[in-house]
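So you can see what is in the structure, the chains are spelled out below.
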Amino acid sequence: MKSIERSIIATLAYYDAFRLPLTLVEMHERLIPSKRLGESAERPSLGELASSVDALVRSEVVHVDSGFYSLSFDYLHGGARRIERQKESAMKWKRMLRSARWLQMAPFVRALLGSGSMAYDATSAQSDWDFLVIVERRRLYTARAGLLLTAWLMGRLRTKRHRQAPDLFCFNHYLTTDGLALRHRSMFTGHGVAWLIPVMDEGHMLERLWGANRWMEDVVPRPSTPEFVRRAIPRNAVLLFVRRVFEFLLRSWIGSFVERTIQRWMQRRIMRDPATHARGGRVIADDFELEFHPHSFELVALNRYNATLKRYGMSGFTERDSGLRR
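None of these values were measured; they are calculated from a predicted model.

The rules we used
Residues numbered from 1 in each chain as written. Predicted model: local features only at pLDDT ≥ 70, side-chain atom pairs only at ≥ 80, totals over all residues. Heavy atoms only, no water. Salt bridge = Lys/Arg side-chain N within 4 Å of Asp/Glu carboxyl O. Helix = DSSP H or I, 4+ residues; strand = E, 2+ residues; numbered from the N terminus. Buried < 20%, exposed > 50% of the residue type's maximum accessible area, 1.4 Å probe, protein only. Pairing = 2+ DSSP bridges. Axes fitted to C-alpha atoms, helices over the stretch in contact; angles between N-to-C directions. Expected span 1.5 Å × (residues − 1).

Chemist: For this particular structure, what's the right way to read the pattern of salt bridges?
Modeler: Pairs may arise between side chains of opposite charge once their charged atoms sit close together. One pass over the full model with this rule turns up 24 salt bridges. Between aspartate 167 and lysine 92 there is a salt bridge whose closest N-O contact spans 2.6 Å. In this pair, aspartate 167 sits in the loop between α6 (140-153) and β5 (169-176) while lysine 92 sits in helix α4 (residues 78-100), placing the two residues 75 residues apart along the sequence. The same class applies to aspartate 167 and to lysine 92, which are both buried. Each of the salt bridges in this network shares a partner with another, and the network as a whole consists of Arg110, Glu136, Glu202, Arg235, Arg243, Glu247 and Arg251.

Chemist: Explain unusual backbone geometry here, please?
Modeler: Generally, phi is negative for residues other than glycine and the peptide bonds are trans, each holding for most cases. For arginine 19, which is not glycine, the phi torsion reads 55 degrees and is therefore positive. Here arginine 19 shows up in the loop between α1 (3-16) and α2 (24-29). Although it is not a glycine, arginine 138 adopts a positive phi angle of roughly 65 degrees. By the secondary structure assignment, arginine 138 is in the loop between β4 (129-135) and α6.

Chemist: I would appreciate a short explanation of the sheet that holds strand β3 (residues 109-114) in the present structure.
Modeler: Strand pairing in a sheet takes place through backbone hydrogen bonds and is either antiparallel or parallel in direction. Across the sheet, which stays open at both edges, the 6 strands sit in the order β6-β3-β4-β5-β8-β7 with mixed pairing between neighbours. Strands at the two margins of the open sheet, each flanked by one partner only, are β6 (197-201) and β7 (282-285). Strand-to-strand twist in this sheet, taken as the mean axis angle between neighbours without regard to direction, amounts to 25 degrees. Relative to strand β8 (residues 289-293), β5 is paired through 3 bridges, and the arrangement is antiparallel. In the sheet register, histidine 173 faces β8, and the bridge partner there is glutamate 291.

Chemist: Which parts of the structure should I look at to understand α1?
Modeler: Two residues of an α-helix separated by three or four positions point the same way, owing to the 3.6 residues in each turn. In this model α1 runs 20 Å from its N-terminal to its C-terminal C-alpha over 14 residues, within 8% of the 20 Å that 1.5 Å per residue would give. Counting buried residues in α1 gives 14 out of 14 residues, a clear majority hidden from the surface.

Here it is, written out as structure tokens:
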């Protein structure tokens, strides 16, 4: 099997784990590098990829439906379903951006990066609005409190009481500007970052996130166009002025006291929550990172991916998770 064919099969195997068929362009943008699969070939051009994919379609290794490619025989109509989800996603993005503009006044927030099914354009009617948030150093917990309060006042905050949370904000991962190097690394983490879409990004934080995590280029190509202006909230001078006032007041010793007080209160609540200690996920609450994935999909996705690799004779290249709680 050629190296490019191994990369195609591995990439489709990974996204089949999410029931997410890919367009040819998406496949090229997310193509698992050949060196991850024991090869040393350079990344193919889009034309070279298209020729190899066509050959795999003719040999019935790869299946295509409505311009979307997958491996799974059980997902032959996945393309049509994804088109429907893209339509739903477009409406969710429109509703989310109307609400997200108010988040500009939350102090010390430097980037709001859309993640999960919103970033994939593959939402369902019940999907929430997932975000990875980058905040100023030494003000992690103050920034989180500001975001949660703002979303709550809008009636758009997802809490643990919600089993399903359509059109609610879910801020499930926070990083500080001096803690961008991810400590928990896996193919799942790298591909998740590769799909992030900046809704607000001051100081090119998404680019800095990639720069601090060069290891991700071993599992997924670095995006060539990290800016998505069409998905960004317009800057509002009044809301930004309110934020600057909050930040001015909270940069003093008073702000440090507030940060420590909120941190102690939040950490106690987090550690008392049974979900924090559940198996199969990860919850972090320290000075540089807050992560709330108590029931992560990572293990399911990688188990599916590894099983498919074995079926195609690539059992030597299975992937480990990023260190979930056992």
